[in-house]
Amino acid sequence: FGRIRGRALDDDTWDEIEEALLLADVGLPTARRILDAVRVRAREVGAADADTAIGLVREEVVALLADTETDRELRVVPGEPNVWMFVGVNGVGKTTTIGKLAAQQGREGRRLVLAAADTFRAAAADQLALWAERTGARIVRGQEGADPGSIVFDAMAAAGGRSADLVLVDTAGRLHTKLNLMEELSKLRRIVDRTEGACKEVILVIDASTGQNGLVQARQFTEAVEVTGIALTKLDGTAKGGIVLAIRSELGIPVKVV
């Protein structure tokens, strides 16, 4: 928005505000929804300059993300089995996200089990094992190429045996267009669901620079495993990240982790 600051609020300025939203990967439907609301507010307050309109855009974005009816907390219920599954395409940062959250949850005094259900990527379990060592968590892993379902099953059993508070499940990255791999993910969810109420979160990890394909990913993963929240990674490496507004607006899925 820097280049339009101080300008009069005319048609060209409105066009550039819309362009800025689109360049940030907000997407056309959501950008127009935001701008329609901002135009109404601008008329109500008699806005005559771009700076006022930009402030109204920010307020609208905050309101969209701060919907009080949506639970943005990561759920852990004391005294119950708690499982968080992490899903997403290849390379978005699922394992690193798990490591950071394991550190956070460990500092809060919770006993953790990490399930290395990514048996496809070379050294994925070794990477998760390093995070387990750093955070004091127990890791459940298998051989490379092992059945991910058996690892999730064993992790659930291990959590019950040591009265763990939380199981974090790392899954292999997969393209949302590969139906057989999405069905495998659904199977993992069903294994967790054998313990009623255990699956507290299914977190879709999205690279902030993904663009509008992130919306397609969110739809497909939600259909397969009922995504409860988004973890937005690599936001420090992009001026974009607007896709999260489209996901929130069009699918109603909250951002739970950045």
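As the structure is a prediction and not an experimental result, all values here were calculated from the model.

Caption draft 1: Molecular detail of the overall build of the chain. Broken down by element type, the chain carries nine helices and seven strands. C-alpha atoms of the chain, sized along the principal axes, occupy 65 × 35 × 30 Å. The proportion of buried residues among the 258 residues of the chain is 48%. Here the contacts in the chain between residues at least 6 apart in sequence split such that 74% fall between residues at least 24 apart. Here the chain has roughly 12400 Å² of accessible surface; of this, 49% comes from carbon and sulfur atoms.

Caption draft 2: Quick look at the packing of aromatic side chains. Using the criterion set out here, one finds zero aromatic pairs in the structure. The cationic tip of R39 hangs over the ring face of W14; the distance from NZ or CZ to the ring centre is 4.5 Å. A cation over an aromatic ring shows up here: R134 above the ring of W131, its NZ or CZ 5.0 Å from the ring centre.

Caption draft 3: The arrangement of the pattern of salt bridges in detail. The full count for this structure, using the stated rule, is 17 salt bridges. Its salt-bridge partner being E19, residue R3 comes within 3.3 Å of it at the nearest N-O pair. With R3 in the segment before helix 1 (11-23) and E19 in helix 1, this residue pair connects regions lying 16 residues apart in the sequence. For R3, a relative accessible area of 58% corresponds to the exposed category. E18 is the salt-bridge partner of R32, the closest N and O atoms lying 3.4 Å from each other. On the criterion of sequence distance, the pair formed by R32 in helix 2 (residues 28-45) and E18 in helix 1 is long-range, its members being 14 residues apart. You can call R32 partly exposed: its relative accessible area is 46%. It is possible to trace a salt-bridge network through shared partners that takes in R3, R7, E16 and E19.

Caption draft 4: Main features of the packing of helix 2 against helix 9 (residues 243-251). Put simply, helix 2 and helix 9 touch, their axes get as near as 9 Å, and they point 80 degrees apart. With respect to each other, helix 2 and helix 9 are oriented roughly perpendicular. Across the interface between the two elements, P29, T30, R33 and I34 of helix 2 pack against L245, A246, S249 and E250 of helix 9. Looking at side-chain class alone, the contact of helix 2 with helix 9 contains four nonpolar, two polar and two charged residues.

Caption draft 5: Molecular detail of the pairing of strand 5 (residues 199-207). For strand 5, the buried fraction is high: nine of the nine residues fall into the buried class. Across five bridges, the pairing between strand 1 (residues 83-87) and strand 5 is parallel. The partner of V83 across the bridge, within strand 5, is C199. Examined bridge by bridge, strand 5 and strand 6 (residues 229-233) share five bridges and lie parallel to one another. Bridge pairing links V205 to A231 in strand 6.

Caption draft 6: Structural context of helix 2. Its 18 residues place the ends of helix 2 25 Å apart at the C-alpha level, agreeing with the 26 Å of an ideal helix rising 1.5 Å per residue. Here helix 2 has its buried residues at T30, A31, I34, L35, V38 and A42. Each buried residue of helix 2 sits inside an arc of 125 degrees when the element is viewed along its axis, so together they form one side. Across from the buried face of helix 2, at angles greater than 90 degrees, the exposed residues are R43 and E44.

Caption draft 7: Region of interest: the packing of helix 8 (residues 213-225) against helix 9. As a packed pair, helix 8 and helix 9 sit with axes 9 Å apart at the nearest point and diverge in direction by 40 degrees. Accordingly, the angle class assigned to the pair helix 8 and helix 9 is oblique. Crossing angle aside, the handedness with which helix 8 passes helix 9 is right-handed. Each of G214, L215, A218 and R219 in helix 8 lies in contact with helix 9, whose residues at this interface are I243, A246, I247, E250 and L251. Class assignment for the residues of the contact of helix 8 with helix 9 results in six nonpolar, one polar and two charged.

Caption draft 8: Summary view of the environment of A246. In this fold, A246 is placed in helix 9. According to the relative accessible area criterion, A246 is buried, its value standing at 0%. Sequence separation between A246 and V152 is 94 residues; the distance between their C-alpha atoms is 32 Å. Non-local contacts of A246, meaning those with residues more than four positions away in its chain, are made with V26, T30, L215 and L251.

Cut-offs used in this document
- Residues numbered from 1 in each chain as written.
- Predicted model: local features only at pLDDT ≥ 70, side-chain atom pairs only at ≥ 80, totals over all residues.
- Heavy atoms only, no water.
- Helix = DSSP H or I, 4+ residues; strand = E, 2+ residues; numbered from the N terminus.
- Buried < 20%, exposed > 50% of the residue type's maximum accessible area, 1.4 Å probe, protein only.
- Contact = heavy atoms within 4.5 Å.
- Areas by Shrake-Rupley, 256 points an atom, 1.4 Å probe, with all protein chains shown as cover.
- Phe/Tyr/Trp six-rings, centres within 6.5 Å; stacked < 30°, edge-to-face > 60°.
- Lys NZ or Arg CZ within 6 Å of the ring centre and 35° of its normal.
- Salt bridge = Lys/Arg side-chain N within 4 Å of Asp/Glu carboxyl O.
- Axes fitted to C-alpha atoms, helices over the stretch in contact; angles between N-to-C directions.
- Parallel < 35°, antiparallel > 145°, perpendicular 65-115°, else oblique.
- Nonpolar A, V, L, I, M, F, W, Y, C, P; charged D, E, K, R; others polar.
- Pairing = 2+ DSSP bridges.
- Expected span 1.5 Å × (residues − 1).
- Arc of directions from axis to C-beta.
- Left-handed = near helix turned anticlockwise from the far one by under 90°.

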